[in-house]
Amino acid sequence: MKTSWFRCVPGAPLGVVGAALTLATGSCTERDRLTFPDPGPPGEGPRTTIDRPTADTTVPAGPGVIVTGYTRDPDGVDTVYFETEGGVSTFPPFVGQRDSVRFGIPITTSGQSGAIITVRVFGTDRLGNRGDTATRVLTVQ
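What you are looking at is a predicted structure, and each value in this text was computed from that prediction instead of being measured.

Reading the values: rules and limits
Note on numbering: residues in each chain are counted from 1, in written sequence order. Thresholds applied to this predicted model are a pLDDT of at least 70 for local features of residues and 80 or more for the giving and counting of side-chain atom pairs; totals over whole chains, interfaces and linings are not thresholded and use all residues. Only hydrogens and water are removed before side-chain values are computed, so all heavy atoms of the structure are retained for them. In this description a helix means any DSSP run of H or I spanning at least four residues, a strand means any run of E spanning at least two, and both kinds are numbered starting from the N terminus. Between buried and exposed lies partly exposed: a residue is buried under 20% and exposed over 50% of the maximum accessible area for its type, with that area taken using a 1.4 Å probe on protein chains only. Only four residue types enter the tally: Lys and Arg on the positive side, Asp and Glu on the negative side, with His and both chain ends excluded. Every case where a carboxyl oxygen of Asp or Glu lies within 4 Å of a side-chain nitrogen of Lys or Arg is listed as a salt bridge. Whenever two N or O atoms come within 3.5 Å, that pair is a polar contact, provided that in protein one can donate a hydrogen and the other can accept it, and provided that, for residues adjacent in sequence, both atoms are side-chain atoms. Contact definition: two residues touch when any of their heavy atoms are within 4.5 Å. pLDDT is a residue-level measure of predictor confidence that goes from 0 to 100. Among buried residues, those of type Ala, Val, Leu, Ile, Met, Phe, Trp, Tyr and Cys that are joined through side-chain atoms within 4.5 Å constitute a nonpolar core. Aromatic pairs are defined between Phe, Tyr and Trp rings, using the six-membered ring for Trp, whenever the two ring centres lie within 6.5 Å; interplanar angles under 30 degrees are classed as stacked, those over 60 as edge-to-face, and all others as tilted. In this analysis the charged atom, NZ for Lys or CZ for Arg, is taken to sit over a ring once it is within 6 Å of the ring centre and within 35 degrees of the ring normal.

We now examine the side chain of aspartate 125. Secondary-structure assignment places aspartate 125 in strand 5 (residues 116-125). Of the side chains with opposite charge, arginine 126 lies nearest to the buried aspartate 125, which makes no salt bridge, at 8.5 Å. Within the structure, aspartate 125 has its side chain in polar contact with the backbone nitrogen of asparagine 129 (distance 2.8 Å). Every residue in contact with aspartate 125, bar those within four places of it in the chain, is listed here: Glu44, Gly45, Pro46, Asp73, Asp75, Gly76, Val77 and Asp78.

On average, residues of the chain score 81 in pLDDT, and 70% of them reach the 70 mark or higher. For residues 1-28, every residue scores under 50 in pLDDT, and the model assigns this stretch 17 contacts once sequence neighbours within four places are set aside.

So, about the nonpolar core. Residues Val67, Val80, Ile107, Ile117, Val119, Val121 and Leu138 are the most contacted members of the largest nonpolar core, which totals 18 residues. Secondary structure elements with two or more residues in this core: strand 3 (65-85), strand 4 (94-107), strand 5 and strand 6 (134-140). Residues within four places of valine 67 in sequence aside, it is in contact with Ile50, Arg52, Pro53, Phe103, Gly104, Ile105, Ile107, Val119 and Leu138.

Another point: the pattern of salt bridges. For the structure on display, the rule yields 3 salt bridges. In this structure, arginine 102 engages aspartate 51 in a salt bridge whose closest nitrogen and oxygen atoms are separated by 2.8 Å. One end of the pair, arginine 102, is in strand 4; the other, aspartate 51, is in strand 1 (residues 47-52), and 51 residues separate them in sequence. A relative accessible area of 28% means that aspartate 51 is categorised as partly exposed. Of the charged contacts, one joins arginine 120 and glutamate 85 as a salt bridge, the two residues approaching to 3.1 Å between their closest N and O atoms. A residue pair is termed long-range when its members are at least 10 positions apart, and arginine 120 in strand 5 and glutamate 85 in strand 3 qualify at 35 residues. Among the residues examined, arginine 120 registers a relative accessible area of 25% and is labelled partly exposed.

The omega torsion of the bond from arginine 52 to proline 53 falls at -5°, within 30 degrees of zero and hence cis. You can see proline 53 is positioned in the loop between strand 1 and strand 2 (57-59). One non-glycine residue, glutamine 97, lies in the positive phi region at around 60°. Note on placement: glutamine 97 falls in strand 4.

Let's shift gears to the packing of aromatic side chains. What characterises a pair of aromatic rings is the spacing of the ring centres plus the angle enclosed by the ring planes. All told, the structure shown has 3 aromatic pairs when counted by the stated rule. Their ring planes at 20° and their centres at 5.0 Å tell us that tyrosine 81 and phenylalanine 122 sit as a pair that is stacked. With tyrosine 81 in strand 3 and phenylalanine 122 in strand 5, this residue pair connects regions lying 41 residues apart in the sequence. According to the relative accessible area criterion, phenylalanine 122 is buried, its value standing at 7%. Consider the rings of phenylalanine 82 and phenylalanine 91, whose centres lie 6.4 Å apart with planes at 70°: the pair is edge-to-face. Judged by relative accessible area, phenylalanine 82 falls into the buried class, the value being 12%. Taken together, the aromatic side chains of Phe82, Phe91 and Phe103 make up a single cluster linked through ring pairs. Directly above the ring of phenylalanine 122 sits arginine 130, whose terminal nitrogen or CZ lies 3.6 Å from the centroid.

Here it is, written out as structure tokens:
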């Protein structure tokens, strides 16, 4: 993703640093925006995505692991639910009341060597529709 951290003004002198930034970032006329997968049609439950870690993975015992992602629905996200299996971390549901909810949950791995921790996240929308579950499996070394 490309983000411009400055604004170009036509006719203004750029100087060496400004010229280098212009060349490094490309055009100054528009910025790339964060985009999310299509939330789906109204009437379906929210779509939940876990973006970190990007896949099932092995993690060291010790410092915790943060699992991040988002839940999105055009009807509005009512609640996001977090389930863990095989670990010691538990989390209450989060009441969103927005069309998109970003989350980050800390998974404890200290003293969990050899554990297989399954994290499941799903949401419900304001109309009561439940979305699919996003799952990540963490194997603790």
